[in-house]
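# Survey of secondary and tertiary structure
If you want the building blocks of each chain, they are given just below.
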Amino acid sequence: MNNLNKDKLIGLAALLIHAAKIDEQFSENEKILIKDFISSYLKDENVENIFSEAEILEKNSNQLLTFTKLIKEESNDFKKDIITHL
């Protein structure tokens, strides 16, 4: 599994949060799935803190370009790794 730095993990979590909110029903189950995704990449960080930072980033962002750029710049193996952890 690739290691993500904290900023990339927050960005990816923000993208997942945004995707989950598209139907305007951000369910508790969706939150749990995103937190599980975050925890699969963490070693010593607090999942709740990362999730909260990602929510703030998503809320204050007016476009997805920043989030999607994080994924576009990575290898196909990295992208596969992200998908397998969802």
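Residues numbered from 1 in each chain as written. Predicted model: local features only at pLDDT ≥ 70, side-chain atom pairs only at ≥ 80, totals over all residues. Heavy atoms only, no water.

## Brief notes about the overall build of the chain
- Check the secondary structure of the chain and you find 5 helices and 0 strands.
- Mapped in sequence order, the helices and strands of the chain form the string α-α-α-α-α.
- Here the C-alpha atoms of the chain give a radius of gyration of 12 Å, agreeing with the 12 Å that 2.2 N^0.38 yields for 86 residues.
- The C-alpha extent of the chain, read off along each of the three principal axes, is 30 × 25 × 20 Å.
- When the 86 residues of the chain are sorted by exposure, 31% land in the buried category.
- Partitioning the contacts of the chain with sequence separation of at least 6, the portion at a separation of at least 24 is 70%.
- About 5,700 Å² of surface is accessible on the chain, with carbon and sulfur atoms providing 49% of the total.
- Charge separation in the chain, taken as the distance between the mean sites of 11 positive and 16 negative side-chain charges, equals 5 Å. (Helix = DSSP H or I, 4+ residues; strand = E, 2+ residues; numbered from the N terminus. Rg over C-alpha atoms; globule rule 2.2 N^0.38 Å. Buried < 20%, exposed > 50% of the residue type's maximum accessible area, 1.4 Å probe, protein only. Contact = heavy atoms within 4.5 Å. Areas by Shrake-Rupley, 256 points an atom, 1.4 Å probe, with all protein chains shown as cover. Lys, Arg positive; Asp, Glu negative; His and termini not counted. Charge placed at Lys NZ, Arg CZ, Asp CG, Glu CD.)

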